[in-house]
Amino acid sequence: MRSLLDMISRCVQSVLFLWVRTDNKPARVDLNALTQATPVVYVLEQQSTADAMVLDHQCRKLGLPDLSRRLKLPGLEGSRPLISIHARRSVLRRHRSGVAPLIQPMLNYLTENPDEDILLVPVALFWGRGARKSNNLLKVLFSSNWNLAGRLKKLFTVLINGRNTYFEINEPVSLRQLVNDEPDTDIASRKVARVLRVHFRRVRTAVIGPDLSHKRVLVSHLLHTAPVRKAIENHAAAKGISREKAERLAQKHANTIAADVSYNVIRFLDVILTWLWNKIFNGVQVNGLEPVKKLAEDHEIVYVPCHRSHLDYLLLSYTLYYQGLNVPHIAAGENLNMPVVGALLRRGGAFFIRRKFGGDKLYTAVFNEYMHSVFSRGYPVEYFVEGGRSRTGRMRTPATGTLAMTVRSHLRDHNRPIVFIPIYIGYEKVFESRSYLGELQGQEKKKENLFDLVKSVRRLKNYGQVFLNIGEPLHLNTLLSTLQPGWDQHSYGPDDRPSWMVPFVDELSRTVVTRINSAAALNPINLVALTLLATPRQAMDGELLQQQLTLLTELQQHLPYDTHITLPEGDAKQWVDYTEQMGMLRRIPQKLGDLFGLDSQNAVLMSYYRNNVQHLYAIPALVAALLGQGQGISLDKLRERVGLIYPYLQSELFLAPSAEEAQHQVPVWIDFFHQAGLIHCQEDRWFASLMGTASRLKLELLAAIMVPTLERYLLTLAVLIRAGSGEATSTEVENQSQQMAQRLSVLNGLNAPEFFDKALFKNFLQTLKARQAITVNDQHCLEFDDRILNIVLASDSVVPAQVLYSIMQVTGLREGDEERSN
C-alpha cells in the first residue's frame, strides 16, 4: 500500500515539476553528512503537501535520503521522516498540539540508545519571494508571507508563483547533543521546538523581511493593560452596563484603531504605486535620508512630515520602503477608513484616529495604550503634526495631541531614545488642487468617498516632480534635558500629567514645524508664483521675470535660510519654459517681447505654491519693504523696525531665526541690495532706487512677498483701534478683521484666500497677547496702549499709500479716531 502511495506521489511530483522551478543556489551545509547511516528527519515550517513534494523531489535530485524512506523508531514506525512546525490551517482543527509531541518519541529513543543520534534538518521553502520586484499583482498577492496558508490559497500560490520557488537546506540539528545537555525529555522536546521556531523565524526574516503583522497580539495585549482595564471598569459603571459589554466596546475601538500590516499588501501597493508615480510624476527627489538610516539602528523613529495631500501617506512609506527602511505605522484620520481603501491603508501601515475624542475616556485610554505599545515595541511611527491637510499651502498651527501622547509614552518607558524626523514634502502640482480651489472659494469640504477617489484616478495627469527633504532630526531626550532638567530622575505612570507638560509640548510642536519649514524645496513653479503674484496684474515681461527669478535664487545662495533647503537645477529661462509646459503659466506673444501671466484660476492655485516657500524670504522681503517707500531709513532705525515686526512674522510663518538673529541679518541684506544696485546710501540713510527703474521694480517685487501679511496686521490693528480699548473681545475683533480683509481683497485685487484666513487673525492676536502688546480684562475684552497706535502711525513707511487709504476706508478709521481709542 505504501509503495503504491509513493508511486502516486512520484507521478504527481512529475506533473508538478513540469511547472515548478526552484532556485539553483549552492548548498550552505555539508550534504555528505546527510547521506550517512544516521537517521535524518526533515523539518518544514508549515505543513503542506506541495512543500513536501518539492522537498522529496529536491532530496532525490541531490542524492539525499528522500521521504519514501520510513522511520523505524519506536512510536514512529512507518512514518515519513518529516515533521512541520505549524499544522495546516483548518476550520475543523481547533487545537494544535505543536511539534514537541512529534519530537518526544525521538528523544525517548535516544535516551534508551546513548550511542545513536538523529539529525533534524530544517528546510526553508518559500513561494514567490521575488515578487517584490514583479509587476504582476497576482504574484504579489500569492507570494509567501508571515501568515499560514490554507489549501485553496496554497493551490493558487503554487499555480502563480511555482516558477519562482526558494529552496534551501539549513544546518542540521543534532538531537543527541540536546539530549546530553538536557536529560529531561519533556523539557528537551520543548527546547527543540523553541529552537526550530526561532530558526525558521530568522530564516523567514532574512528571505522575505521581518514580520510586521502584529494586530492580534497587540490588541490582546493592550486590552489587558492596567489603564485600559481601569477605563473599562469606569465606563461600565458610568454607563450602567456589564463589564463584558464595556470590554467588547474597548476591543471594537482597538480593532478600529490598530494597523494590520501585511507584506502581501505592501508588495501589492509597491506594484500599484510604482505604476502610479511613473504615470503622474516626473520624478521623486529625496534629500538627506542617509542620517536617518543610521539613527534607525538604535532609536525609535517618529516621522513628522508636513501635510499637503492624501498622497503624502503613500509617497513617504513607498520612499522609505525602497530606501531600505521599515514601513512606518501611520496615523490617519477616520475619514480615510472607507470601504476597500481603508482596508488597504490599514494593511499598508495606517492606524486610524478620530479627529476629536469628544471626552470618550474609554476610547482615549485604548488609543493611548495602543500608541504606547507601538512605541515600546520599536515600530517606526508617522503622523502629521498639522492635524489635517493645508488648504493654503502654508504650515498650519500644529495640533499637539499626538505629540503629547508620544511624550507621555516616552516618560513611562525611555529605554529607547525617540528622535523626530521632520520632512518637507513639496509638490510642483498638488493632487487635490482643484478641490482646494473650491474650498478656498467658499465651497463646503466634501467628505471622502470611494466613488470620488475612482473619478480622481481616472483624471490622473502630469503633476511634475515631488521633493522629500529631510530636516534636522530632533532628539526628544535632548529637548527634555534642555527645557526640563532632571526629567529622567522621576517615575511616571500612564495617568501622570506633570505641570510642565503643556508648555513643553507647545515648544516641541513649534520646533518640529519650524524644522519642517527649514527643509523647504524651491522649484520652478513656486519661484514663478513668488514673482508673478507680487505684481498687480499677475503678469510681467519675460526678461524681467527671468531676472527676478535669478535674484530670488541669488538671495538663497548669498545667505541660505537653512542648510537643508534645496534649489532647482537649471537657469531662469528653463524654469519659465518648464512652468509653461506644466500649464501653470500663460505666454502672451508680443513684438517687443513675450509677456507671461496667470489666468484667474491659476492665480489662486499659484498662491498655494507661493505659500509653500514664502517663509524663506521673510527677512529680506521685510527689509525690502522697509526700504521701498523711498523715504530713506538709517541702519539703526531699520534694525529697530525689523525687531518690532519680525516676532509676529516668526509666530505666523514658523521661522527659525530668532528676532536677534533677524536683526543681525539686516546689514547682510543691506550689503547685498547695495551690491546688486537696488539701493544707495545718502547721508547715512538708505534709499531705494529711483521710481520707474528696473532696480526699483525688483526691490518692490521682493517686498511684495511680505507686504500683504503686513497689510493684514495693520488691518487688524485698525479694527482694534476703531473698536476702542476694552470694548471688543478677541472673537469680535477676529470676525470683523476677516470681514474687512475680504472687502479689502476685492478693492485691491488680492487673489490670495489666506489673506482673510480667520486662523491667521487669531494667531496675530495671540502673539500680541503673548508679547503683552494687548491684554484681556475681566470682561474678556482687549485693552491696549500707545504702542498699538504708534505702529499704525508708522505704517506708511511699509504699506503703500493707496493700500493704507483702503484700510482706513474699509475699517471706518478716520483722523481723530486714534485719540478716541484712548
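Up top is the structure.
None of the values given here were measured: they were computed from a predicted structure. (Residues numbered from 1 in each chain as written. Predicted model: local features only at pLDDT ≥ 70, side-chain atom pairs only at ≥ 80, totals over all residues. Heavy atoms only, no water.)

Student: Any details on the overall build of the protein? Residues and values, ideally.
Tutor: In terms of regular secondary structure, the protein is built from 34 helices and 20 strands. When the 822 residues of the protein are sorted by exposure, 54% land in the buried category. For the protein, the accessible area works out to roughly 37,600 Å², and carbon and sulfur atoms hold 51% of it. (Helix = DSSP H or I, 4+ residues; strand = E, 2+ residues; numbered from the N terminus. Buried < 20%, exposed > 50% of the residue type's maximum accessible area, 1.4 Å probe, protein only. Areas by Shrake-Rupley, 256 points an atom, 1.4 Å probe, with all protein chains shown as cover.)

Student: Tell me about the side chain of Glu369, residues and numbers included.
Tutor: With respect to the helices and strands, the residue Glu369 is situated in helix H15 (residues 361-376). On the basis of relative accessible area, Glu369 is assigned to the buried category, the value being 3%. Residue contacts for Glu369: discarding those within four places in its chain leaves Leu222, Thr225, Pro227, Val228, Arg412 and Pro494. (Contact = heavy atoms within 4.5 Å.)

Student: Let's hear about the pattern of salt bridges: which residues, and what values?
Tutor: Going through the model one piece at a time under the given rule, you end up with 17 salt bridges. Between Arg243 and Glu247 there is a salt bridge, with the nearest N and O atoms lying 3.0 Å from each other. Placement of the pair is Arg243 and Glu247 together in helix H10 (residues 243-257), with a separation of four residues, close to one helical turn. Here Glu247 falls in the partly exposed class, since its relative accessible area comes to 29%. Lys573 is paired through a salt bridge with Asp577; the nearest N and O atoms lie 3.1 Å apart. With Lys573 and Asp577 both in helix H23 (residues 572-581) and four residues apart, this pair spans about one turn of that helix. Taken together, the shared-partner salt bridges in this structure form one network comprising Lys573, Asp577, Glu580, Arg587 and Asp594. (Salt bridge = Lys/Arg side-chain N within 4 Å of Asp/Glu carboxyl O.)

Student: Go over the sheet that holds strand E16 (residues 595-597) with me, naming the residues and quoting the values.
Tutor: One open sheet accounts for three strands, arranged E14-E16-E15; its pairing is antiparallel. Sheet topology places strand E14 (539-541) and strand E15 (586-588) at the edges, where each strand pairs with a single neighbour. Sheet twist, expressed as the average angle between the axes of neighbouring strands with direction ignored, equals 25°. With three bridges joining them, E15 and E16 adopt antiparallel strand pairing. By the bridge assignment, Ile588 is partnered in E16 with Leu595. Against the sheet, helix H22 (residues 542-558) engages E14 and E16, with an angle of about 95° to E14. (Pairing = 2+ DSSP bridges. Axes fitted to C-alpha atoms, helices over the stretch in contact; angles between N-to-C directions.)

Student: So what's going on with the pairing of strand E18 (residues 685-688)? Residues and values would help.
Tutor: When strand E17 (residues 679-682) meets E18, the two strands line up antiparallel, connected through four bridges. If you follow Ile679 over to E18, its bridge partner there is Ala688. What sits between the antiparallel neighbours E17 and E18 is a turn of two residues, in which Glu683 has the positive phi angle 55°.

Student: Before we move on, can you summarise helix H31 (residues 758-770) with the specific residues and values?
Tutor: The end-to-end C-alpha distance of H31 is 19 Å, a good match for the 18 Å that 13 residues give at a rise of 1.5 Å each. Where H31 is concerned, the buried positions are Leu760, Phe761, Asn763, Phe764, Leu765, Thr767 and Leu768. One or two steps after H31, the chain reaches Gln772, where phi turns positive at roughly 60°. (Expected span 1.5 Å × (residues − 1).)

Student: An account of helix H8 (residues 215-223) is requested, with residue identities and associated values reported.
Tutor: Three or more residues of H8 are buried, namely Lys215, Leu218, Val219, Leu222 and Leu223. Projected down its long axis, H8 carries its buried residues within an arc of 125°, all on one side. Turned more than 90 degrees from where H8 packs its buried face, Arg216 and Val217 sit exposed. The elements touched by buried residues of H8 are helix H9 (226-239), H10, helix H14 (341-347) and H15. (Arc of directions from axis to C-beta.)

Student: Any chance you could break down the environment of Leu479 for me, citing the residues and the numbers?
Tutor: By the secondary structure assignment, Leu479 is in helix H19 (residues 476-483). Along the primary structure Leu479 and Glu507 are separated by 28 residues, whereas in three dimensions their C-alpha atoms are 9.4 Å apart. Excluding residues within four positions of it along the chain, Leu479 makes contact with Gln484, Phe504 and Leu508.

Student: Can you tell me about the packing of aromatic side chains, naming the residues and giving the values?
Tutor: One pass over the structure, following the stated rule, counts 18 aromatic pairs. Look at Phe357 and Phe367: their rings are 5.6 Å apart centre to centre, the planes differ by 65°, and that puts the pair in the edge-to-face class. Residue Phe357 is found in the loop between strand E9 (350-353) and H15, and its partner Phe367 is found in helix H15; the two are separated by ten residues along the sequence. Here Phe357 matches Phe367 in class, with each residue buried. Three or more aromatic residues joined by ring pairs form one cluster here, namely Phe351, Phe357, Tyr363, Phe367 and Tyr370. Directly above the ring of Tyr648 sits Arg771, whose terminal nitrogen or CZ lies 5.9 Å from the centroid. (Phe/Tyr/Trp six-rings, centres within 6.5 Å; stacked < 30°, edge-to-face > 60°. Lys NZ or Arg CZ within 6 Å of the ring centre and 35° of its normal.)

Student: How would you explain a nonpolar patch on the surface if you had to name every residue and give the values?
Tutor: A surface patch of nonpolar side chains, amounting to about 400 Å² of accessible area, comprises Leu152, Leu155, Phe156 and Leu159. Structurally, Leu155 is set in helix H5 (residues 151-161). A relative accessible area of 47% means that Leu155 is categorised as partly exposed. (Patch = residues over 30% accessible without salt bridge, like charges linked within 9 Å, V, L, I, M, F, W, Y side chains within 5 Å.)

Student: Lay out the nonpolar core with the relevant residues and their values.
Tutor: With 195 residues, the main nonpolar core has Tyr383, Phe420, Leu508, Leu627 and Phe673 as its most contacted residues. Top contributing element to this core by residue count: helix H29 (residues 707-723), with ten residues. For Phe420, the contacting residues outside a window of four places in its chain are Val302, Val304, Tyr383, Leu403, Thr406, Pro473, Leu474, Leu476 and Leu508. In this structure, Leu31, Ala50, Cys59 and Val121 belong to the second largest nonpolar core, which totals 26 residues. (Core = buried A, V, L, I, M, F, W, Y, C linked by side-chain atoms within 4.5 Å.)

Student: Give a detailed account of the environment of Leu175, specifying residues and quantitative values.
Tutor: Residue placement: Leu175 occurs in helix H6 (residues 175-181). Leu175 gets classed as buried once you look at its relative accessible area, which sits at 0%. With 13 residues separating them in the primary sequence, Leu175 and Ala188 have C-alpha atoms 9.1 Å apart. Apart from residues no more than four positions distant in its own chain, Leu175 is found in contact with Ile103, Met106, Leu107, Leu110, Asp117, Ile118, Leu120 and Val192.

Student: With reference to specific residues and values, describe the packing of H22 against H23.
Tutor: Taken N-terminus to C-terminus, the directions of H22 and H23 make an angle of 110°; their axes are 9 Å apart at the nearest point. Looking at the two axes, H22 sits roughly perpendicular to H23. Here H22 runs over H23; the crossing is right-handed. On H23, the residues that touch Leu545, Gln546, Leu549, Thr550 and Thr553 of H22 are Ala572, Lys573, Trp575 and Val576. Residues belonging to the contact of H22 with H23 are distributed by class as follows: five nonpolar, three polar and one charged. (Parallel < 35°, antiparallel > 145°, perpendicular 65-115°, else oblique. Left-handed = near helix turned anticlockwise from the far one by under 90°. Nonpolar A, V, L, I, M, F, W, Y, C, P; charged D, E, K, R; others polar.)

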